[in-house]
Amino acid sequence: MIINKVIIVEGKTDKKKLEKILAEPVEIICTHGTLSSKKIEDLYEKTGAEEVFIFVDEDSSGKKLRSQLKHEFPNAHHLYTRRSYAEIARTPYEYLAKVLRDAYFQIDESAI
């Protein structure tokens, strides 16, 4: 199985929610909300030459993390949930599917 895309998220709940609706092999990496230099090294190692997407919460900690990741992965694509949902975990599946479809991910329509 060839994986060409990586999505970086904050937590396990975010990862599980995305896994439920994705219909293609995608590596989803959790930062658990923080970035140490060791974790950044691990992220570089895991992402390799894959296309990187950053999909973190729209709360203050998510915005801080996005800023750090933007610096470390300047060519990454950024995906956003609505500010009113604040967290990926609270975002409805229908909206997550729209965001992912717009970024050319294949969606399992039966999971929505």
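Note on numbering: residues in each chain are counted from 1, in written sequence order. Only residues with pLDDT of at least 70 are given local features in this predicted model, and only at 80 or more are side-chain atom pairs given and counted; all residues enter the totals for whole chains, interfaces and linings. Calculation of side-chain values draws on the structure's entire complement of heavy atoms; hydrogens and water are dropped beforehand.

Caption draft 1: Up close: the overall build of the chain. The helix and strand inventory of the chain stands at four helices and four strands. Secondary structure counts use DSSP, requiring at least four H or I residues in a row for a helix and at least two E residues in a row for a strand, with both numbered from the N terminus. For the chain, the succession of helices and strands along the chain, N to C, is β-α-β-α-β-α-β-α. Compactness check: the chain gives a C-alpha radius of gyration of 13 Å against a globular reference of 13 Å for 112 residues, within 12% of the reference. Oriented by its inertia axes, the alpha-carbon framework of the chain measures out at about 40 × 35 × 20 Å. Burial statistics for the chain: of 112 residues in total, 45% are counted as buried. In what follows, residue pairs with any heavy atoms lying within 4.5 Å of each other are defined as contacts. Looking at the chain alone, contacts between residues at least 24 apart form 57% of all its contacts between residues at least 6 apart. Accessible surface, the chain as shown: approximately 6,400 Å² in total, 48% of it carbon and sulfur. In the chain, which carries 18 positive and 19 negative side-chain charges, the distance between the mean positions of the two groups comes to 5 Å. We compute the radius of gyration from the C-alpha atoms alone; for a globule the expected value is 2.2 Å times N to the 0.38, where N is the number of residues. Relative accessibility decides the category of a residue: with a 1.4 Å probe and only protein chains considered, values under 20% of the type maximum give buried, values over 50% give exposed, and everything between is partly exposed. Each accessible area is a Shrake-Rupley estimate made with a 1.4 Å probe; only the visible protein chains count as cover when residues are assessed. Only four residue types enter the charge count: Lys and Arg as positive, Asp and Glu as negative, with His and the chain ends excluded. To locate a charge, take NZ of a lysine, CZ of an arginine, CG of an aspartate or CD of a glutamate.

Caption draft 2: Inspection of the packing of helix 1 (residues 12–21) against helix 4 (residues 93–102) at higher detail. To get an axis, a line is fitted to the C-alpha atoms, and for a helix only the part in contact is used. The angle between two axes follows their N-to-C directions and goes from 0 to 180 degrees. Between helix 1 and helix 4, whose axes approach to 10 Å, the crossing angle comes to 75°. It follows from the interaxial angle that helix 1 and helix 4 lie roughly perpendicular. Note on element contacts: helix 4 touches helix 1 through Y93, L96, A97 and L100, opposite K17, L18, K20 and I21. When residue character is reported, Ala, Val, Leu, Ile, Met, Phe, Trp, Tyr, Cys and Pro are called nonpolar, Asp, Glu, Lys and Arg charged, and the others, Gly included, polar. Looking at the contact of helix 1 with helix 4, its residues break down into six nonpolar, no polar and two charged. Roughly parallel means an angle under 35 degrees; roughly antiparallel, over 145; roughly perpendicular, 65 to 115; everything else is oblique.

Caption draft 3: Region of the structure containing the environment of I28. When you line up the elements, I28 lands in strand 2 (residues 27–30). For the pair I28 and D14, spaced 14 residues apart in sequence, the C-alpha separation works out to 9.3 Å. Setting aside its immediate chain neighbours within four residues, I28 contacts I7, V9, K15, L18, E19 and L22.

Caption draft 4: Main features of the nonpolar core. Among the nonpolar cores identified, the biggest contains 22 residues, and I7, L18, L22, F55, L79, L100 and F105 are the most heavily contacted of them. Where this core is concerned, the elements lending two or more residues are strand 1 (5–9), helix 1, strand 2, strand 3 (51–55) and helix 4. No other element matches the five residues that helix 4 contributes to this core. Excluding residues within four positions of it along the chain, L18 makes contact with I7, V9, I28, F55, L96 and L100. In plain words, nonpolar cores are sets of buried Ala, Val, Leu, Ile, Met, Phe, Trp, Tyr and Cys residues tied together by side-chain atoms within 4.5 Å.

Caption draft 5: Molecular detail of the sheet that holds strand 4 (residues 77–79). A strand pair is defined by DSSP finding two or more bridges across the two strands. Spatially, four strands are ordered 2-1-3-4 in an open sheet, and the strand pairing comes out parallel. For this open sheet the edge positions go to strand 2 and strand 4, each flanked by a neighbour on one side alone. When strand polarity is set aside, the average angle formed by the axes of neighbouring strands in this sheet is 25°. Of the pairings in the sheet, the one linking strand 1 to strand 2 comprises four bridges and is parallel in character. The residue of strand 2 that forms the bridge with I8 is I29. Along the sheet, helix 1 contacts strand 1, strand 2 and strand 3; its crossing angle with strand 2, the most-contacted strand, is approximately 165°.

Caption draft 6: Spotlight on the pattern of salt bridges. Salt bridge, as used here, is a side-chain nitrogen of Lys or Arg placed within 4 Å of a carboxyl oxygen of Asp or Glu. Taken as a whole and judged by the stated rule, the model has five salt bridges. Among the salt bridges present, the one from E58 reaches R66, with a minimum N-O distance of 3.7 Å. Note on R66: relative accessible area 6%, which makes it buried. The shortest N-O distance in the salt bridge between R101 and E109 comes to 3.1 Å.

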